[in-house]
Amino acid sequence: MPYSARVTADHVSVSFPLYHGYARSLKKTLVAAAATRLRESGRRRVVVHGLDAVSFTLAPGDRLGLVGRNGAGKTTLLRTLAGIYEPNEGHVSVTGRVNALLDPSLGMNAELTGRENIVIRGMFAGLPGHALPDLIDNVVAFAELAEFIDLPLRIYSAGMVIRLGFALATAIQAQVLLMDEWFLAGDAAFLERAKLRLEDMVKGAEILVLSSHNIEVLRTWCTRIFWMDRGRIIDDGPPDEVLGHYLANTTALPAA
Amino acid sequence: MSISTHEPGALSLEFRSNPSATVRNRLAIADLRQGLSLWRLWSTLGWFDIRLRYRGSVLGPLWLTLSTAVMVAALGVLYSQLFGMDLHAYFPYLALSLVLWNYISAAVADACACFTGSDGMIRSIRMPFTMYALRAVVRNVIAGAHNVIVVVVVFWIFSAWPGVDGFAALPGMALWLVDTLAVAVLLGPVCARFRDIPPIIASVMQIAFFVSPVIWRPELVGPRARSLLVLNPFYTLLEIVRAPLLGSLPTLAIWVSALGYSVLLCAVAAALFARVRGRIAFWV
């Protein structure tokens, strides 16, 4: 690795304009624009804050875990670090080769064969042509697809699709690894092997950002935890401390 | 937002909010440059798109060829009667015009879906957006190429080979490729943001089909109307490829008009793309 990885977020805000039916329509937008000009009322647009002024720095060796309810901004933060969402406010900087495991079915097409899907994914990751056969061997061996590799994905069992997606996503080593929790799905036998492979990958990465609801996984793998709520980091510290607060809070909620 | 590089698995990503126009333009240019460098990816994806569209069908993309052939035959007989034209002169003209128009209207319709059709990928990996536009260009060129068979067969039946002049169509075809990309980059984001644009585009294209000399010859209208025809971008863009393939060279006025409209299209597409590129991921 030529230089060490680094992640910096400085007052990063990401907001989603809500385009449900109404605002999707050109006619209605034009009519609304004309109407506001007439009545001189301000533009009212429904905006959801995915991230609200989030700041932090990660250095090599950092293993960051994200906890929080659904909709707390964990996936938005991962997508922002992956460069998919560009922030409305603030500054994000990520140094190092990034691999984002956000969607297990990324680029996978049910009508294409396993091999074709692997080739596409390899190209997505920017692998040179001569590296593709190695990628195919690696993925086929791990996913145990055997002769299914040349058949379309639509005839695969659900387990095979998950194995293929997992094998593909984890075949490419990265300096900065961004991971959503989907990888914990799958059958028990597969989970054991998946864990080993994932551990290798996590060890190989300089920085890990992992979003999960699984407290045990976070406790084992992470060195630092953000508890996120409504797009903000409401607690930041070592796993035992933050997870303790989080668990106390979430288990206390139904009683209160 | 500013990004020093955003190749897949980029070694460095940098975003700063509220970028200046200069930064936005630089990002849009970087997007295009990186998009072009991913040629293996978009040509493969474009090729798979075509294979998938026709997987399971016996004739595959040749269904498109067959339906074009039937349409050419039916319209050829009907309109040569209606316009009182010689079948030998009209048939090659009609076959070529319809095939070229099919490409234009398919490319414009497909441009609308070039980002919304890949929403899953856009939300799970950072990619230059022009990669998706180039993929749409590839699949349209491949689909359009299947129709060339109809033209070749008709030219063969009527011995209407254009001769050396036919090569003069090449610059026009090159311009078409650039315009196809520009249309995708322009309509892709607009159609992602406003979902009622695609039907509007579809009806505009239908009107354009009838008011442009596609199935009728420009000579059929009076001299005054013909001088106005050069203002119709669909006509002049069609003509720079069609005329050479029918063995004549387009006039300078036609080339000037086709080039002028193309420059305008590219400028508008580039300006819009630079402005909204960072928002596309939120729209799809």
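Refer to the structure presented above.
Residues numbered from 1 in each chain as written. Chains lettered and ligands numbered in written order. Predicted model: local features only at pLDDT ≥ 70, side-chain atom pairs only at ≥ 80, totals over all residues. Heavy atoms only, no water.

(A) Examining the overall build of chain B more closely. Looking only at helices and strands, chain B has twelve helices and one strand in total. Secondary structure elements of chain B, listed N to C terminal, follow the sequence β-α-α-α-α-α-α-α-α-α-α-α-α. For chain B, whose C-alpha radius of gyration is 21 Å, the value lies close to the compact-globule estimate of 19 Å for 284 residues. With the C-alpha coordinates aligned to their principal axes, the bounding extent of chain B is approximately 65 × 50 × 40 Å. Residue burial in chain B is summarised as follows: out of 284 residues, 54% are buried. Taking all contacts inside chain B whose residues are at least 6 apart in sequence as the whole, residues at least 24 apart take part in 73%. Carbon together with sulfur atoms contributes 72% to the accessible area of chain B, which is approximately 12700 Å² in total. (Helix = DSSP H or I, 4+ residues; strand = E, 2+ residues; numbered from the N terminus. Rg over C-alpha atoms; globule rule 2.2 N^0.38 Å. Buried < 20%, exposed > 50% of the residue type's maximum accessible area, 1.4 Å probe, protein only. Contact = heavy atoms within 4.5 Å. Areas by Shrake-Rupley, 256 points an atom, 1.4 Å probe, with all protein chains shown as cover.)

(B) Structural context of the interface of chain B and chain A. Listed per partner, the contact involves 44 residues of chain B and 51 residues of chain A. Across the interface of chain B and chain A, roughly 4100 Å² is buried in total on both sides, 56% from carbon and sulfur atoms. Remark: the boundary between chain B and chain A carries three salt bridges. E86 of chain A is paired through a salt bridge with R126 of chain B; the nearest N and O atoms lie 3.1 Å apart. One can count six residue pairs in polar contact (both at pLDDT 80 or more) joining chain B with chain A. For the side of chain B that touches chain A, the elements supplying multiple residues, two or more each, are β1 (12-16), α2 (39-53), α5 (119-124), α6 (129-157), α7 (169-193), α8 (197-211) and α12 (280-283) of chain B. Per-element accounting of the side of chain B that touches chain A gives the leading share, seven residues, to α2 of chain B. (Buried area = accessible area lost by both parts, 1.4 Å probe. Salt bridge = Lys/Arg side-chain N within 4 Å of Asp/Glu carboxyl O. Polar contact = N/O pair within 3.5 Å; in protein donor to acceptor, adjacent residues only side chain to side chain.)

(C) Up close: the state of the cysteines. Counted under the stated rule, the structure contains zero disulfides over all chains. In this model C191 of chain B remains outside any disulfide bridge; the closest cysteine sulfur is found in C112 of chain B, 3.2 Å from its own. (Disulfide = S-S within 2.5 Å.)

(D) Fine view of the sheet that holds strand β3 (residues 63-67) of chain A. Residue and element names in this part refer to chain A. Judged by pairing direction, the sheet is mixed, and its six strands sit side by side in the order β5-β6-β7-β3-β8-β9 without closing on themselves. The open sheet has two edge strands, β5 (98-101) and β9 (232-237), and neither has a second partner. The sheet shows a mean angle of 15° between the axes of neighbouring strands, taken without regard to direction. Across four bridges, the pairing between β5 and strand β6 (residues 176-179) is parallel. For N99, the partnering residue across the bridge sits in β6 and is L177. (Pairing = 2+ DSSP bridges. Axes fitted to C-alpha atoms, helices over the stretch in contact; angles between N-to-C directions.)

(E) View of the packing of aromatic side chains. On inspection of all chains with the given rule, the structure shows 17 aromatic pairs over all chains. When the centroid spacing of 4.7 Å and the interplanar angle of 20° are considered together, the rings of Y85 of chain A and F282 of chain B count as stacked. A residue pair is termed interchain when its members come from two chains, as with Y85 of chain A in the loop between α2 (74-81) and β4 (89-95) and F282 of chain B in helix α12. What makes Y85 of chain A buried here is its relative accessible area of 5%. Within the aromatic cluster, the residues linked to one another by ring pairs are W101, F209, F210 and F234 of chain B. R193 of chain A extends its terminal NZ or CZ atom over the ring of F142 of chain A, reaching a point 4.7 Å from the ring centre. Looking at R197 of chain A, its charged tip hangs above the ring of F142 of chain A, at a distance of 4.4 Å from the centre. (Phe/Tyr/Trp six-rings, centres within 6.5 Å; stacked < 30°, edge-to-face > 60°. Lys NZ or Arg CZ within 6 Å of the ring centre and 35° of its normal.)

(F) Representation of the pattern of salt bridges. All names here are of chain B. Applying the stated criterion across every chain, the model contains 18 salt bridges over all chains. With a closest N to O distance of 2.6 Å, R139 and D110 form a salt bridge. Linking R139 in helix α6 with D110 in helix α4 (residues 87-112), this pair joins segments that are 29 residues apart in sequence. We classify R139 as buried; its relative accessible area is 10%. The buried category is assigned to D110, whose relative accessible area is 14%. Of the charged contacts, one joins E219 and R217 as a salt bridge, the two residues approaching to 3.7 Å between their closest N and O atoms. The exposure class of E219 is partly exposed, given its relative accessible area of 48%.

(G) Inspection of α2 of chain A at higher detail. Residues and elements named next belong to chain A. Along α2, six of the eight residues are buried, which leaves the element largely enclosed by surrounding structure. Turning to α2, its buried residues number three or more, namely K74, T76, L77, L78, T80 and L81. Following α2 by one or two positions, G83 adopts a phi angle in the positive range, close to 85°.

(H) Spotlight on unusual backbone geometry. Residues and elements named next belong to chain A. Phi is positive for A53, close to 50°, though the residue is something other than glycine. The topology assignment puts A53 in strand β2 (residues 47-58). Non-glycine residue R230 carries a positive phi angle of around 45°. Tracing the sequence through the fold places R230 in the loop between β8 (224-229) and β9.

Scope: geometric values only; no functional claims are made or implied.
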